[in-house]
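Overview (structure and organization)
Spelled out, the chains give:
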Amino acid sequence: MSVNFRLILAYFIAVSLVSAILTVCDKYLAQHNRRRISEKALFASAILGGSLFEYLTMKLIRHKTLHKRFMLGLPAIFIFQIALLVFLYLRFVKTGIIAL
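In this text the structure is predicted, and so the values were computed from the model without any measurement.

Thoughts on helix α3 (residues 68–93)
Taking 1.5 Å as the rise per residue, α3 with 26 residues should run 38 Å; its terminal C-alpha atoms sit 36 Å apart, in good agreement. Where α3 is concerned, the buried positions are Phe70, Met71, Gly73, Leu74, Ile77 and Gln81. Packed against the buried residues of α3 are α2 (39–61).

This is the structure in structure tokens:
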């Protein structure tokens, strides 16, 4: 595994972990009638790369599962991210412009 690939993998693991923690914290805060984590922050962490684990965490702990904005938005973000990664791979890595 090259250094570039390890850095990319470490980034996605870190962002996914932060997204899952934010989701669990938001549920805890909601249950205790405390100030919540904003939806903007939750979506920001998803856009930065944590969409899959944020979605899975929401389903696992049953948090915001009735909000179509999250249940449709997070999978849509994930699909877009996968499509973008495939495009970037085919455009830059497979052609030899960038080496992983």
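Right, picking up where we left off after that structure.
Some details on the nonpolar core
Counting 10 residues, the largest nonpolar core consists of Leu29, Ile37, Leu42, Phe43, Ala46, Met58, Phe70, Met71, Leu74 and Ile77. Counting only elements with at least two residues in this core, the list comes to α2 and α3. Beyond its immediate chain neighbours, meaning those up to four positions away, Met71 contacts Tyr55, Met58, Lys59, Lys64 and Thr65.

How each quantity is defined
- Residues numbered from 1 in each chain as written.
- Predicted model: local features only at pLDDT ≥ 70, side-chain atom pairs only at ≥ 80, totals over all residues.
- Heavy atoms only, no water.
- Helix = DSSP H or I, 4+ residues; strand = E, 2+ residues; numbered from the N terminus.
- Expected span 1.5 Å × (residues − 1).
- Buried < 20%, exposed > 50% of the residue type's maximum accessible area, 1.4 Å probe, protein only.
- Contact = heavy atoms within 4.5 Å.
- Core = buried A, V, L, I, M, F, W, Y, C linked by side-chain atoms within 4.5 Å.

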